[in-house]
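Structure at a glance
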Amino acid sequence: MTTPTTTAPGSKSLVILAFAIVYVIWGSTYLAIRVVVESMPAFLSAGVRFLVAGLLMMGFLRLRGFALPAGPQWRHSWVAGLLLSVGGNGLVVWAEKSISSGLAALLVALTPVWFALLNWLRPGGKRPQLKTVVGIVIGFAGVILLVNGRGAADSHAASFWAAIAVVFAGLSWAGGSLFTKYSPNSGSPLMNAAAQMICGGIGLVAVSLVTGEALAADLSTVTGRSMIALLYLVVFGSWIGFTAYIYLLKVSTPSRVSTYAYVNPVIAVFLGWLVLGETIGPKMLLGALVVLAGVITIAVPASFVGEVGARLRRMVIGQPRALVPCPERD
């Protein structure tokens, strides 16, 4: 898959729509995941979500005349699917059995830090600027505050490891995203997205079997509320949201795509409060602000920072006055 640096002519409105989908819909998936795991096993439910979404999407595309993925495309999809769906999404789903959807989303906000680090470490990557290093340090400080400032609902033994799992989920997601962007993969982006979901779904079901989660599941206890939330994740989270994300990786830059992490936590925290009655304490709020400060420090261009600094200096000290030569004395 080639990776153009700019979007195709006439596609600006499509790019804006894709960003809006990733910003808003993915922010709501944290709530949906929390509702799903109320009565369904974490890895199994995530596996079913991606398998159903990927198989139905691939079948639809095949009927429309799209070619099925070849061997190299499947190998690419296995790597991307395991990193994105199993590591990136699966760990978040597992963690939301123990922590609130709002805290999970706030911890995922660290993902742009992982983007910056991994984009530097990859072959041909650029050394980060000083502001990027500063942003990374600020971001990690914010995560420490978030973990230490967990609210009463999140302050039990399992919640600490759940929070750590979400941090690693962000690392896996960033790695899979960069692999998807910079590794050549021919074929339709839509068919590639379907193949990645299928591979990720198989991986998640395998994890569920290995951990014994699937064998211990009692499907008679699954509620209608959880089933509706799972259907929402299939349609909006996977078909619409994931496809929009794969498209953005193709036509935009990693730093721009990762900005979804600014908006998702706001949507997730608001919906968690509105629907599930989740709360966020002062320490968590402080940690969230510190994480976002670190992310913004990384994402804002250095030229913009310099221009703002220059304008502030002019406002404070005024325009530099021209030097007037003193008359010579006898």
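Calculation rules
- Residues numbered from 1 in each chain as written.
- Predicted model: local features only at pLDDT ≥ 70, side-chain atom pairs only at ≥ 80, totals over all residues.
- Heavy atoms only, no water.
- Helix = DSSP H or I, 4+ residues; strand = E, 2+ residues; numbered from the N terminus.
- Buried < 20%, exposed > 50% of the residue type's maximum accessible area, 1.4 Å probe, protein only.
- Contact = heavy atoms within 4.5 Å.
- Areas by Shrake-Rupley, 256 points an atom, 1.4 Å probe, with all protein chains shown as cover.
- Core = buried A, V, L, I, M, F, W, Y, C linked by side-chain atoms within 4.5 Å.
- pLDDT = per-residue confidence, 0-100.
- Axes fitted to C-alpha atoms, helices over the stretch in contact; angles between N-to-C directions.
- Parallel < 35°, antiparallel > 145°, perpendicular 65-115°, else oblique.
- Left-handed = near helix turned anticlockwise from the far one by under 90°.
- Nonpolar A, V, L, I, M, F, W, Y, C, P; charged D, E, K, R; others polar.
- Phe/Tyr/Trp six-rings, centres within 6.5 Å; stacked < 30°, edge-to-face > 60°.
- Lys NZ or Arg CZ within 6 Å of the ring centre and 35° of its normal.
- Salt bridge = Lys/Arg side-chain N within 4 Å of Asp/Glu carboxyl O.
- Patch = residues over 30% accessible without salt bridge, like charges linked within 9 Å, V, L, I, M, F, W, Y side chains within 5 Å.

This part covers the overall build of the chain. Within the chain, the secondary structure is distributed over 13 helices and zero strands. Helices and strands appear in the chain in the N-to-C order α-α-α-α-α-α-α-α-α-α-α-α-α. The proportion of buried residues among the 330 residues of the chain is 48%. Of all intrachain contacts in the chain linking residues separated by at least 6 positions in sequence, the fraction that spans at least 24 positions is 92%. About 16,500 Å² of surface is accessible on the chain, with carbon and sulfur atoms providing 71% of the total.

Glancing now at the nonpolar core. Leu107, Leu146, Phe242, Tyr245 and Leu248 are the most contacted members of the largest nonpolar core, which totals 81 residues. For this core, the element with the most residues is helix H1 (residues 12–36), which contributes 13 residues.

Counting all residues, the mean pLDDT for the chain is 83, and 84% of those residues have values of 70 or more. In the model of the chain, helix H13 (residues 302–317) stands out as the element of lowest mean pLDDT, 62, in contrast to helix H2 (residues 42–63), which has the highest, 96. pLDDT under 50 marks residues 1–10. Its contacts with residues more than four places away, or in other chains, come to 17 contacts.

This part is about the packing of H1 against helix H9 (residues 224–251). At their nearest, the axes of H1 and H9 sit 8 Å apart, and the two run at 150° to each other. As the angle between them shows, H1 and H9 are arranged roughly antiparallel. When the axes of H1 and H9 are compared, the crossing they make is left-handed. Across the contact of H1 with H9, the residue classes break down as 24 nonpolar, five polar and one charged.

Let us look at the environment of Ala174. Mapping Ala174 onto the fold places it in helix H7 (residues 157–182). In this structure the C-alpha to C-alpha distance between Ala174 and Ser258, which are 84 residues apart in sequence, comes to 8.6 Å. When near neighbours in sequence (up to four residues on either side) are disregarded, Ala174 contacts Thr111, Trp114, Phe115 and Leu118.

One pass over the full model with this rule turns up ten aromatic pairs. Note on Phe19 and Tyr23: the rings are 5.8 Å apart at their centroids and 50° apart in plane angle, and the pair reads as tilted. Of this pair, Phe19 and Tyr23 are both found in helix H1, four residues apart, which corresponds to roughly one turn of the helix. Under the relative-accessibility criterion, Tyr23 is labelled partly exposed at 24%. Measuring from ring centre to ring centre gives 5.9 Å for Phe270 and Trp273, while their planes differ by 40°; the resulting arrangement is tilted. With Phe270 and Trp273 both in helix H11 (residues 260–276) and three residues apart, this pair spans about one turn of that helix. Put simply, the rings of Trp26, Trp173, Phe242, Tyr245 and Tyr260 pair up and form one aromatic cluster. Over the ring of Tyr182 we find Arg122; its NZ or CZ atom is 3.8 Å from the centre of that ring.

What follows covers the pattern of salt bridges. On inspection of all chains with the given rule, the structure shows one salt bridge. A salt bridge links Arg225 to Glu38; the nearest nitrogen and oxygen atoms lie 3.0 Å apart. Of the two residues, Arg225 sits in helix H9 while Glu38 sits in the loop between H1 and H2, which places them 187 residues apart along the sequence. The exposure class of Glu38 is partly exposed, given its relative accessible area of 42%.

On the surface, a nonpolar cluster with roughly 360 Å² of combined accessible area is contributed by Leu130, Val133, Val134 and Val137. Relative to the helices and strands, Leu130 resides in helix H6 (residues 130–148).

Locating Ser238 in the fold gives a position in helix H9. When its relative accessible area of 0% is taken as the criterion, Ser238 is described as buried. The residues contacting Ser238, other than those within four sequence positions of it, are Arg49, Phe50, Ala53, Met197, Leu233 and Thr243.

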